[in-house]
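Here is how the chains run, residue by residue.
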Amino acid sequence: MVTQPGPGRRTVLRGGLTATAAGAFALAANGPAAAAPARDSRRLLAVPEPRIYSTSEWGARPPNGQIVVLDRVPTYIVVHHTAEPGNSEDYSLAHAMAICRSIQNYHMDGQGWSDSGQQFTNSRGGFVLEGRHQSLDVVRGGTQHVQGANVGGRNSEVIGIENEGLYTQVDVPAALWDSLV
């Protein structure tokens, strides 16, 4: 196996990775695949859909305002972390669901937002959960996206993926990294 040069996991997350989908693909692809015609990109990017727990599965509150569905795909994916609840050693699904409820409560009650700000949350245990209502169904359609509230001035352009924990001093758990990728 040939090792590809590039930044480590900690460097990527510490830097607050923001990449366009095309840019992320271009960075990951080296060799003949990078030169493939655009019409083949769907075939090259085809991967099985990950298990993502819906807002109803983790017990989300209903939004207290309108969920805005934009009639275009996002331009960027913003990957960031949650400073709280910190780097828990509880990697269970129950903990991941509790984090989503806590984040939603903070965003709605503390920030005054209509729902969770980010479209998806990824736990240290590698569980991916829908954050903002309708994000999962809309992203599955492939032609629209739900406007979030997690990137000031750019919410109509991005999908936000929030990752549990703070990674300035410790490395990202393998389960979280694998589910993010």
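Keep in mind that what you see is a predicted model, and the values were worked out from it rather than measured. (Residues numbered from 1 in each chain as written. Predicted model: local features only at pLDDT ≥ 70, side-chain atom pairs only at ≥ 80, totals over all residues. Heavy atoms only, no water.)

Asks: Please give an account of the overall build of the protein chain that cites residues and values.
Replies: A tally of regular secondary structure across the protein chain gives 7 helices and 8 strands. Taken over 181 residues, the protein chain has a buried fraction of 36%. Restricting to contacts in the protein chain with at least 6 residues of sequence separation, those with at least 24 account for 72%. Accessible surface, the protein chain as shown: approximately 10,200 Å² in total, 55% of it carbon and sulfur. (Helix = DSSP H or I, 4+ residues; strand = E, 2+ residues; numbered from the N terminus. Buried < 20%, exposed > 50% of the residue type's maximum accessible area, 1.4 Å probe, protein only. Contact = heavy atoms within 4.5 Å. Areas by Shrake-Rupley, 256 points an atom, 1.4 Å probe, with all protein chains shown as cover.)

Asks: Describe unusual backbone geometry, and please don't skip the residues or the numbers.
Replies: Positive phi, close to 75 degrees, is recorded for Q134, a residue that is not glycine. For Q134, the position within the fold is in the loop between β6 (128–130) and α6 (135–141).

Asks: So, the pattern of salt bridges: which residues are in play, and what are the values?
Replies: This structure, assessed with the given rule, holds 6 salt bridges. Across the salt bridge formed by R124 and E89, the nearest N and O atoms sit 3.6 Å from each other. Highlighted residues: R124 in the loop between β5 (120–122) and β6 and E89 in the loop between β4 (76–82) and α5 (93–110), separated in sequence by 35 residues. Accessibility expressed as a relative area gives 4% for R124, which makes it buried. Looking at E89, the relative accessible area reads 63%, which means it is exposed. Its salt-bridge partner being R154, residue E157 comes within 3.1 Å of it at the nearest N-O pair. The structure contains a network of salt bridges with shared partners spanning E49, D137 and R140. (Salt bridge = Lys/Arg side-chain N within 4 Å of Asp/Glu carboxyl O.)

Asks: Before we move on, could you go through the side chain of D115 and cite the residues and values that matter?
Replies: Of note, D115 is situated in the loop between α5 and β5. Buried charged residue D115 carries no salt bridge. Nearest counter-charge: R132, at 4.9 Å. Residues in contact with D115, not counting those within four places in the same chain, are P63, I67, Q104, H107, M108, G131, R132 and H133. (Lys, Arg positive; Asp, Glu negative; His and termini not counted.)

Asks: With reference to specific residues and values, describe the environment of F127.
Replies: Structurally, F127 is set in the loop between β5 and β6. Residues contacting F127, with those up to four places away along its chain left out, are Y53, Y91, S92, L93, A96, T121 and N122.

Asks: I'd like a description of the environment of P74, backed by residues and values.
Replies: If you trace the backbone, P74 turns up in the loop between β3 (69–70) and β4. The exposure class assigned to P74 is partly exposed, which follows from its relative accessible area of 25%. Note: C-alpha distance between P74 and E157 (83 residues apart in sequence) is 4.9 Å. With near-sequence residues (within four places) excluded, P74 lies in contact with H145, E157, V158 and I159.

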